[in-house]
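Below, each chain spelled out in residue letters.
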Amino acid sequence: MKVLVINSGSSTIKYQLIEMDTEQAVAAGRVERIGYDDAQHQHLVAPGVLPHKPDGYEFREVAPVLDHTAAIRRVLAALTHREIGVVRDATEIAAVGHRVVHGGEKLTRSVRVTEEVKREIRATFDLAPLHNPANLLGIEATESLLPGVPQVAVFDTAFHATMPRVAYLYALPYVIYKRHRVRRYGFHGTSHRYVSRRLGELLGRPSLEGLNVVTCHLGNGASVCAVKDGRSVDTSMGFTPLEGLIMGTRSGDVDPGALPYIMAREELTPAELNSMLNKHSGLLGISGISGDFREIEEEMERGDSRAREAFEMFEYRLRKYIGGYAAAMGGLDAIVFTGGIGENSWRLRGAIVRNLAFLGLELDEDANVAGRGERRITTEGSRASAWVIPTNEELVIARDTLATVQEAEPAAIPGR
Ligand code: AMP
């Protein structure tokens, strides 16, 4: 049985077709620059899927793609292509799973897409104006091209729905929460969920009951999550994905009092301030070089002092969060690193683990630097452990999609 996973952005659609028996992607790709005359479609077929292309197959095409419907039409054409198609026709696609960034307070688990669910996603547009409208475009385009194929929405916020009120409320006038839903929601939930579950499997403790874990999703966007007994009890992103860690171009935590001051001094509009905080801050803002962690490390190696400072601030902020979450949970049993930086930067992982030795972590230098893929990077004798676990959000979405469509009735929206 095959599930199509779609991650629809404002001008990009990423997709994977996953064979659920093996949980392997048989094909994957992306359409970029949707809406432009020079849109690009990249499509890959995995090795071993096509008998006449045993090493796999890849194509790139540049052509006008008018909108999301046209983009998904291209995707379906590639998947069902006479020569390089991985399915005979679209009826072999059992279900479609969509990544939706924000579920608000009501959509707190994966749900079958219904008119009511779409209304609720629309109701969260103002909470995630850059993401949710694009996610819904992808859902509606798929519905029009694959009528009758069940669709499931999987929310980035859902894993954090278990956060207690003390963790998710801001100390603002309560009416602001009641009237405008301003509270902490958290993001990257699908990734934090995947790596924490996977850690449970690796530890032979699938429920993670009795364990205090901190998962670090460190990519262009970055967040940390406190996972107690397998459930998210706190996370560093808040009302928006801006709070918390220093990121590629996002500031993370800043004294809110500094913001009106900056606005006045620099004569910035709210939109300009937003742009400054989201696009011109973080590693890029500090270093003046790049928001890309690898480039920061390269410049640091060449002796650039601002790149070094950006690295050190990134590590310091992350370390404070991990320590804070150990305090919040009453202990620390394991840390997981994932995302482009977490999976690849031995320097950053090494610094974090060494600097947190007081929490019972002892780095295994070889495993950290020379090891590859999923592994433990602390010594056998280390009281707490640290791990690298490459994330797989698409697989979580596919699994949830299958489980949700196998439920007899579409689930009601909680709270209704
Ligand atoms: P993601 O958003 O998960 O794709 O992660 C992107 C981030 O991972 C960028 O800041 C990259 O520079 C960083 N990254 C990718 N590969 C490496 C690497 N080998 N060493 C350090 N950072 C890396």
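Residues numbered from 1 in each chain as written. Predicted model: local features only at pLDDT ≥ 70, side-chain atom pairs only at ≥ 80, totals over all residues. Heavy atoms only, no water.

Some details on the overall build of the protein
When helices and strands are counted, the protein shows 15 helices and 14 strands. In terms of C-alpha radius of gyration, the protein reaches 22 Å, essentially the compact-globule figure of 22 Å for 416 residues. Looking at the protein residue by residue over its 416 residues, the buried ones come to 50%. Put simply, 61% of the contacts in the protein that link residues at least 6 apart link residues at least 24 apart. Carbon and sulfur atoms make up 50% of the accessible area of the protein, which amounts to about 19200 Å² in all. Charge centroids of the protein, computed over 48 positive and 54 negative side chains, lie 3 Å from each other. (Helix = DSSP H or I, 4+ residues; strand = E, 2+ residues; numbered from the N terminus. Rg over C-alpha atoms; globule rule 2.2 N^0.38 Å. Buried < 20%, exposed > 50% of the residue type's maximum accessible area, 1.4 Å probe, protein only. Contact = heavy atoms within 4.5 Å. Areas by Shrake-Rupley, 256 points an atom, 1.4 Å probe, with all protein chains shown as cover. Lys, Arg positive; Asp, Glu negative; His and termini not counted. Charge placed at Lys NZ, Arg CZ, Asp CG, Glu CD.)

Brief notes about the state of the cysteines
This structure, assessed with the given rule, holds zero disulfides. This cysteine, Cys-216, is not joined by any disulfide, and Cys-225 carries the nearest cysteine sulfur, 9.7 Å off. On the accessibility criterion, Cys-225 (0% relative accessible area) is buried. (Disulfide = S-S within 2.5 Å.)

Looking at the sheet that holds strand β5 (residues 57-63)
With mixed pairing, the eight strands of this open sheet are ordered in space as β5-β4-β3-β2-β1-β6-β8-β7. Because the sheet does not close on itself, it has two edges, and the strands there are β5 and β7 (111-112). Where strand β1 (residues 2-8) and strand β2 (residues 13-19) come together, seven bridges link them in antiparallel fashion. Note that in β2 the partner of Ile-6 across the bridge is Tyr-15. Strands β1, β6 (93-100) and β8 (151-155) of the sheet are contacted by helix α3 (residues 132-145), whose axis makes an angle of about 165 degrees with β6. (Pairing = 2+ DSSP bridges. Axes fitted to C-alpha atoms, helices over the stretch in contact; angles between N-to-C directions.)

Remarks on the packing of helix α2 (residues 115-123) against α3
As a packed pair, α2 and α3 sit with axes 9 Å apart at the nearest point and diverge in direction by 155 degrees. Here α3 runs roughly antiparallel to α2, going by the angle between their axes. α2 and α3 meet at a crossing whose hand is left-handed. Contact with α2, carried on its side by Lys-118, Ile-121 and Arg-122, involves Asn-132, Leu-136, Ile-139, Glu-140 and Glu-143 of α3 and no other residues of that element. Along the lines of polarity and charge, the residues of the contact of α2 with α3 split into three nonpolar, one polar and four charged. (Parallel < 35°, antiparallel > 145°, perpendicular 65-115°, else oblique. Left-handed = near helix turned anticlockwise from the far one by under 90°. Nonpolar A, V, L, I, M, F, W, Y, C, P; charged D, E, K, R; others polar.)

Looking at the site of the ligand
Around the ligand, the neighbouring residues are Gly-219, Asn-220, Asp-292, Phe-293, Arg-294, Glu-297, Gly-339, Gly-340, Ile-341, Asn-344 and Ser-345. Here Arg-294 contributes a backbone N or O atom positioned 3.0 Å from an oxygen atom of the ligand. Asn-344 places a side-chain nitrogen or oxygen 3.3 Å from a nitrogen atom of the ligand. In the complex, the protein chains occlude 73% of the 500 Å² of accessible area that the ligand would expose alone. Elements with a minimum of two residues in the shell around the ligand: α10 (293-301) and α12 (339-344). The element that contributes the greatest number of residues to the shell around the ligand is α12, accounting for four residues. Split into classes, the residues belonging to the shell around the ligand amount to two nonpolar, six polar and three charged. (Near = heavy atom within 4 Å. Polar contact = N/O pair within 3.5 Å; in protein donor to acceptor, adjacent residues only side chain to side chain.)

A short note on the pattern of salt bridges
The full count for this structure, using the stated rule, is 25 salt bridges. One salt bridge connects Asp-234 with Arg-184, and the closest N-O pair in it is separated by 3.1 Å. With Asp-234 in strand β11 (residues 231-235) and Arg-184 in the loop between α5 (174-180) and α6 (189-203), the pair connects residues that are 50 residues apart, well separated along the chain. Connected via shared salt-bridge partners are Glu-115, Lys-118 and Glu-143. (Salt bridge = Lys/Arg side-chain N within 4 Å of Asp/Glu carboxyl O.)

Honestly, that's just the spatial picture; any functional story needs more than this.
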